[in-house]
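Topology and contacts: notes
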Amino acid sequence: MSLSSTPSTSASTPSAALPVELLPGRPPTLQVPAVTEPAEWAGAHRDALRAAVAEHGSLLVRGLGLHEPASAGTVLRRLADTLMSDQEAFAPRRRYADGVYSSSKWPPNQPMCMHHELSYALEFPGLLMFACLEAPATGGATGVADSAAVLDALPAELVQRFEREGWLLTRTFNDEIGATVAEAFGTSDRASVERYCRAHAIEFSWELDGSLRTRQRRGAVLRHPVTGRRCWFNQIAFLNEWTMDPEVHEYLVDVYGADGLPFNTRYGNGDPIGEDVVKTLNEVYEAHTMREPWRGGDLLLVDNIRTAHSREPFEGPREVLAALADPVLRTDSTEGTAS
């Protein structure tokens with residue numbers, strides 16, 4: 001596996017300059033004194049913050065008081081090298097500004113299980129940034145998990161198969177469930193969508209009802225471009241049918257058929273992934289999950305390769321901004337032929 005990127009985090013400034021608190025079961029946390037200009041503080045501490053992410057895989061920064069989209073967006077832009085647009089989204093987002101979005105629109109009573117953002121794309125963010133403008137009344141934490149530790153804890157034979165074959169993401173785009181074609185590809189023009197798919201190793205077909213079906217095969221394990229550590233990097237469990245709530249799964253199969261689900265994952269050779277395998281993946285993720293309830297104003301930085309993230313069910317209003325930063329280009333061999 002080879003990757004081409006500007007490293008998503010910089011280790012040039014020792015993170016020891018920041019008093020990062022490390023407690024079992026919680027993400028690395030930095031409590032900062034009240035600041036009147038969060039963007040100026042972020043700019044002054046940018047290298048140290050990124051070095052802390054490089055060292056720990058994630059960093060929760062508490063005390064910045066990020067309560068407004070404009071000021072939070074300025075902080076996110078100060079910390080990133082480059083902000084990315086959200087392409088190939090599996091759920092819609094609200095766009096606040098260039099490169100700054102809401103979190104994915106997902107039913108609040110349903111979890112978003114551990115995954116790596118855009119790990120099915122040829123270009124994905126090396127750094128994720130989340131700013132909590134409003135914390136929910138209960139739940140809604142963004143959990144994190146060390147993907148190298150997850151890889152080490154998975155059954156060896158399972159890892160070996162996914163390393164040999166990769167994993168396959170299948171999607172069926174419609175106007176009812178998940179992201180639409182326009183939301184995922186930035187256009188509903190068929191010729192433009194087809195050009196994108198060909199350029200990004202995505203198989204595609206248009207159905208008689210006008211819906212679009214796609215398939216893309218990707219590697220399941222990546223070496224971190226900075227540390228060289230092997231990381232479990234994919235969305236095999238999260239986007240698999242067996243991670244869905246059973247009632248939701250039954251409804252979607254009844255409406256769209258087993259082969260027409262909005263999204264599903266398979267082994268790289270096309271074989272279905274058993275419910276027992278998905279259960280194992282999610283159990284290993286849970287055993288390595290660190291979580292801390294959001295407080296309004298919090299900032300969370302995540303190395304998207306080294307660290308998986310999730311979103312837990314919640315009640316009450318929840319507004320979290322997300323920025324996808326510092327793109328990494330996947331240059332390993334993939335299979336994708338247009339149809």
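Quick caveat, the model's predicted, so the values are computed rather than measured. (Residues numbered from 1 in each chain as written. Predicted model: local features only at pLDDT ≥ 70, side-chain atom pairs only at ≥ 80, totals over all residues. Heavy atoms only, no water.)

1. Regarding the overall build of the protein chain
Keep this limit in mind: The helix and strand labels rest on DSSP assignments: H or I over at least four residues marks a helix, E over at least two residues marks a strand, and numbering proceeds from the N terminus. Atoms counted for the radius of gyration: C-alpha only. Globule rule: 2.2 Å times the number of residues to the power 0.38. Note on classification: 1.4 Å probe, protein chains only; a residue is buried when its accessible area is under 20% of the maximum for its type, exposed when over 50%, partly exposed between these limits. All accessible-area figures derive from a Shrake-Rupley calculation using a 1.4 Å probe, and residue coverage is judged against the displayed protein chains alone.
On a plain count of helices and strands, the protein chain comes out with nine helices and 20 strands. For 339 residues, the compact-globule estimate of 2.2 N^0.38 gives 20 Å, and the C-alpha radius of gyration of the protein chain, at 19 Å, lies within 12% of that figure. Expressed as lengths along the three principal axes of its C-alpha atoms, the size of the protein chain is roughly 60 × 40 × 35 Å. Counting all 339 residues of the protein chain, 53% fall into the buried class. Accessible surface for the protein chain amounts to roughly 14300 Å². Of this, 49% is attributable to carbon and sulfur atoms.

2. Here we look at the environment of proline 262
Filter applied, for reference: Whether two residues touch is decided by their heavy atoms; if any such pair falls within 4.5 Å, the residues are in contact.
By the element assignment, proline 262 lies in the loop between helix 8 (246–256) and strand 15 (263–267). A relative accessible area of 6% places proline 262 in the buried class. Expressed as a C-alpha distance, the spacing of proline 262 and glutamate 68, which sit 194 residues apart in the sequence, is 34 Å. What proline 262 contacts, discounting residues up to four positions off in sequence, is Thr170, Arg171, Thr172, Ile177 and Leu252.

3. Some thoughts on the side chain of asparagine 234
Our working rule: Two N or O atoms form a polar contact when they lie within 3.5 Å of each other; inside protein one atom must be a possible hydrogen donor and the other a possible acceptor, and for residues adjacent in sequence the pair counts only when both atoms belong to side chains.
Along the chain, the position of asparagine 234 falls in the loop between strand 14 (230–232) and helix 8. With relative accessibility at 1%, the residue asparagine 234 sits in the buried group. A polar atom in the side chain of asparagine 234 sits 3.1 Å from the backbone oxygen of alanine 220. Within polar-contact distance, the side chain of asparagine 234 engages the backbone nitrogen of isoleucine 236 at 3.1 Å.

4. Here's the deal with the sheet that holds strand 16 (residues 289–290)
This is how it is decided: Two strands are counted as paired when DSSP detects at least two bridges linking them.
Judged by pairing direction, the sheet is antiparallel, and its four strands sit side by side in the order 6-18-9-16 without closing on themselves. In the strand order of this sheet, the two ends are held by strand 6 (112–115) and strand 16, each with one partner.

5. Section: the environment of arginine 295
Structurally, the position occupied by arginine 295 is in the loop between strand 16 and strand 17 (297–303). The spatial distance from the C-alpha of arginine 295 to the C-alpha of glycine 63 is 9.1 Å, given a sequence separation of 232 residues. Beyond its immediate stretch of four places on either side in the chain, arginine 295 contacts Arg62, Cys132 and Ala135.

6. Points about the nonpolar core
Note the threshold: Only buried residues count toward a nonpolar core. Its members are Ala, Val, Leu, Ile, Met, Phe, Trp, Tyr and Cys residues joined through side-chain atoms within 4.5 Å.
Among the nonpolar cores identified, the biggest contains 56 residues, and Phe90, Phe130, Phe162, Trp232, Ile236 and Leu281 are the most heavily contacted of them. The element contributing the most residues to this core is helix 9 (residues 275–287), with five residues. If you look at the next biggest cluster of nonpolar residues, it comprises 30 residues, including Val20, Val61, Met129 and Leu301.

7. A word on the sheet that holds strand 11 (residues 203–206)
To be explicit about the condition: For helices, the fitted line uses only the C-alpha atoms of the stretch in contact; every axis is such a line through C-alpha atoms, and the angle between N-to-C directions lies from 0 to 180 degrees.
Within the open sheet, the four strands sit side by side as 11-12-10-15. Their pairing is antiparallel. Looking at strand neighbours, the two that pair on one side only are strand 11 and strand 15, the edges of this open sheet. Neighbouring strand axes in the sheet, compared pairwise and without regard to direction, differ in orientation by 15° on average. For strand 10 (residues 167–173) and strand 15, the ladder comprises five bridges, and the chain directions are antiparallel. Note on strand 15: the bridge partner recorded for arginine 171 is phenylalanine 263. Its contacts with the sheet put helix 5 (residues 156–165) on strand 10, strand 12 (212–218) and strand 15, and the angle it makes with strand 15 is roughly 100°.

8. What about the packing of aromatic side chains?
Stated formally: Centres within 6.5 Å make a pair out of two Phe, Tyr or Trp rings, where for Trp the six-membered ring is used; the pair is then stacked when the planes are under 30 degrees apart, edge-to-face when over 60, and tilted otherwise. Consider the ring centre and the ring normal. A charge sits over the ring if Lys NZ or Arg CZ is within 6 Å of that centre and within 35 degrees of that normal.
Following the criterion strictly, the structure yields ten aromatic pairs and no others. Seen from their ring centres, phenylalanine 173 and phenylalanine 185 are 5.4 Å apart, and the 55° between their planes marks the pair as tilted. With a gap of twelve residues between them, phenylalanine 173 in strand 10 and phenylalanine 185 in helix 6 (residues 181–185) connect regions that are remote in the sequence. A relative accessible area of 7% means that phenylalanine 185 is categorised as buried. Between phenylalanine 185 and tyrosine 196 the ring centres are 5.4 Å apart and the planes differ by 70°, which places this aromatic pair in the edge-to-face class. Of this pair, phenylalanine 185 sits in helix 6 while tyrosine 196 sits in helix 7 (residues 190–199), placing them eleven residues apart in sequence. Here phenylalanine 185 and tyrosine 196 have matching classes, each one buried. Put simply, the rings of Phe90, Trp106, Phe238 and Phe263 touch in pairs and so form one group of aromatic residues. Over the aromatic face of tyrosine 267 sits the side chain of arginine 161, whose NZ or CZ is 3.6 Å from the ring centroid. The positively charged end of arginine 190 is found above the aromatic ring belonging to tryptophan 206, 4.3 Å away from the centroid.

9. Comments concerning unusual backbone geometry
Although it is not a glycine, leucine 118 sits at a positive phi angle of roughly 55°. A positive phi angle, close to 55°, is found at aspartate 326, a residue other than glycine. Looking at the element boundaries, aspartate 326 is found in strand 20 (residues 319–330).

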